Structures are given as structure tokens and as C-alpha cells.
Amino acid sequence: KVTITHKSIIFSRNENIDNSFYFPICPGEEHVFFDYIITCSYVTQCDFNNKNAIYIDADKITDEKFIIRNRQNGDKFIPYGMKSTKKLKQYFNDIKIPPHERDKIPIITSSNEIVAVLPYRICDKFKITDKTVKIIEIKLTKEGINVGK
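Values in this document were obtained by computation on a predicted structure and should not be read as measured data.

Trainee: Just checking my understanding: could you explain the overall build of the protein chain for this structure?
Mentor: What the protein chain contains, in helices and strands, is one helix and 14 strands. When the 149 residues of the protein chain are sorted by exposure, 37% land in the buried category. Partitioning the intrachain contacts of the protein chain with sequence separation of at least 6 by distance along the chain shows that 66% fall at a separation of at least 24. Roughly 9300 Å² of accessible area belongs to the protein chain as shown, and the carbon and sulfur atoms make up 47% of that amount.

So, in C-alpha cells, the structure goes:
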């Protein structure tokens, strides 16, 4: 199989490897995910300089049991700073995620709604504001390395 990206040409065997994943995570838990650790916790402050973490207004979530899964056909969300929905496929194109990597990117959902694309962007609906009281941090780490862009 040959995959052409904006920066390279990748040759690989087409072995139909199933990269699908689907698991729950709640505040106070962590989960090993491929070579990464995903941690979910309540915090009192946000470190927006930490590129491997996203921060969610807990009061805007109807169910604090998050599902972490890979992308699905037709996925849409409102990227932070935007007013309208964008298809996840178009968002990946915009931020130049190669097609062969897209199935490994964790999508955080709550009540079947995309909350964030980890570690890239949260949904604008769940952003932290000056009225936020409870904050949930979801962090993706790999052996202590910052994995965000």
C-alpha cells in the first residue's frame, strides 16, 4: 500500500490491522493507550501552555463518564474558537494529520457528543470561561514527553 502525504510517501503492507478502540474514563482514572497514558482528573487551574492537556468545563458536561474512541464516519464538532460545526475529516485535513495516523487519534466523547480531539482541540461548547467553577483535565503523555502540536 502506498500513502502520499503533504510531506512524504509511505510504503506499507496492507494487512487490515484493526486500530479501533473504545473505552470509558472518568475523573480520577488513567488508561494506557497504545504507547501513551491518558489521565483524567479534576484540577483547580489550567496550564494552557501544556500542549498535551485539554481542559473542560465540568458543568457543561451531562455525563462525566467519557468515552475515548477513534474517529467514526460523519463525526462533527465545533472546534474551539469557531461558531459552526466542522467534519472531523476536514479538521484533520486542515491541521495536516496524515490519513494513516487519523485512526490512532483519541476522540473524547460524552453523551455521544465530541468533547475534544486529544491533544489538538476541544469543542467550543465545553471551553473554560471566567464563569467556570469545576475543571476537568484530560492529558495524553508518552514517557513524560509532550505530544501536542
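Trainee: Sorry, what's going on with the sheet that holds strand β3 (residues 22-25) here?
Mentor: Strand pairing in a sheet relies on backbone hydrogen bonds. The paired strands run either parallel or antiparallel. Reading across from one edge, β3-β7-β10-β11-β12 is the order of the five strands in this open sheet, with antiparallel pairing throughout. Looking along the sheet, the strands with just one partner apiece sit at the ends: β3 and β12 (121-122). Bridge count for strand β7 (residues 66-69) against strand β10 (residues 107-110) is three bridges, and the pairing is antiparallel. Residue pairing across strands places I68 opposite I108, the latter belonging to β10.

Trainee: Looking at this model, I keep getting lost on unusual backbone geometry. Mind explaining?
Mentor: Negative phi is the rule for most residues except glycine; trans is the rule for most peptide bonds. Here the bond from L118 into P119 is cis, since omega is 0°, no more than 30 degrees from zero. Structurally, P119 can be placed in the loop between β11 (113-117) and β12. If you check the backbone angles, K96 has positive phi at about 60° while not being a glycine. Phi at N112 is positive, roughly 60°, even though this residue is not glycine. Mapping N112 onto the fold places it in the loop between β10 and β11.

Trainee: What exactly am I supposed to notice about the nonpolar core here?
Mentor: It is characteristic of soluble globular proteins that their nonpolar side chains tend to be buried jointly. Formed by 31 residues in total, the largest nonpolar core has its most connected members in I38, I56, F66, F92, I108, V117 and I138. Secondary-structure elements contributing two or more residues to this core are β3, β5 (36-43), β6 (53-57), β7, α1 (88-94), β10, β11 and β13 (135-142). For I108, the residues in contact, after removing those within four places along its chain, are F66, I67, I68, E113, I114, V115, A116, L118 and I138.

Trainee: Can you walk me through the pattern of salt bridges in this structure?
Mentor: When the charged atoms of two side chains with opposite charge come close together, those side chains can pair. Taken as a whole, this structure holds seven salt bridges when the rule is applied. Notably, a salt bridge pairs R71 with D103, separated by 2.8 Å at the nearest N-O pair. Separated by 32 residues along the polypeptide, R71 in the loop between β7 and β8 (76-77) and D103 in the loop between α1 and β10 bring together distant segments of the chain. By relative accessible area, which is 27% here, R71 ends up partly exposed. Owing to a relative accessible area of 30%, D103 belongs among the partly exposed residues under this scheme.

Trainee: I tried to follow the packing of aromatic side chains on my own but got confused; where do I start?
Mentor: Geometry of an aromatic ring pair is reported as the spacing of the ring centres plus the angle between the planes. With the rule as written, the count across this model stands at four aromatic pairs. Aromatic side chains F48 and Y55 sit 5.6 Å apart centroid to centroid with 75° between the ring planes, which places their arrangement in the edge-to-face category. Judged by centre distance (5.3 Å) and plane angle (90°), the rings of F77 and Y91 are edge-to-face. You can see F77 sitting in strand β8 and its partner Y91 sitting in helix α1, a full 14 residues away along the chain. The two residues F77 and Y91 agree in class, both being buried.

Trainee: Teacher, can you tell me more about the environment of D59 here?
Mentor: Mapped onto the secondary structure, D59 falls in the loop between β6 and β7. Among all residues touching D59, those that are not within four sequence positions of it are V133 and K134.

Trainee: What is the right way to look at the side chain of T141 in this model?
Mentor: Looking at the secondary structure, you find T141 in strand β13. Apart from the residues within four sequence positions on either side, T141 is in contact with D35, Y36, I37 and N52.

Calculation rules
Here the residue numbering is sequential within each chain, running from 1 through the sequence in written order. Local features are withheld for residues below a pLDDT of 70 in this predicted model, meaning they are given only at 70 or higher, and side-chain atom pairs are given and counted only at 80 or more; totals for whole chains, interfaces and linings count all residues. As a rule here, side-chain values come from all non-hydrogen atoms in the structure, and water together with hydrogens is ignored. The way it works is that DSSP assigns letters per residue, a run of H or I at least four long becomes a helix, a run of E at least two long becomes a strand, and they are numbered from the N terminus. The buried label goes to any residue with under 20% of its type's maximum accessible area, the exposed label to any with over 50%, and the partly exposed label to all in between, with areas taken from a 1.4 Å probe on protein chains only. Contact between two residues is taken to exist if any of their heavy atoms lie within 4.5 Å; hydrogens are not considered. A 1.4 Å probe and the Shrake-Rupley method give the accessible areas. Residues count as covered only by the protein chains that appear here. When DSSP finds two or more bridges between a pair of strands, those strands are recorded as paired. What we call a nonpolar core is a set of buried Ala, Val, Leu, Ile, Met, Phe, Trp, Tyr and Cys residues that are connected through their side-chain atoms within 4.5 Å. Any Lys or Arg side-chain nitrogen found within 4 Å of a carboxyl oxygen on Asp or Glu counts as a salt bridge. Only Phe, Tyr and Trp rings take part, Trp by its six-membered ring, and two of them pair if their centres are within 6.5 Å. Stacked means planes under 30 degrees apart, edge-to-face means over 60, and tilted covers everything else.

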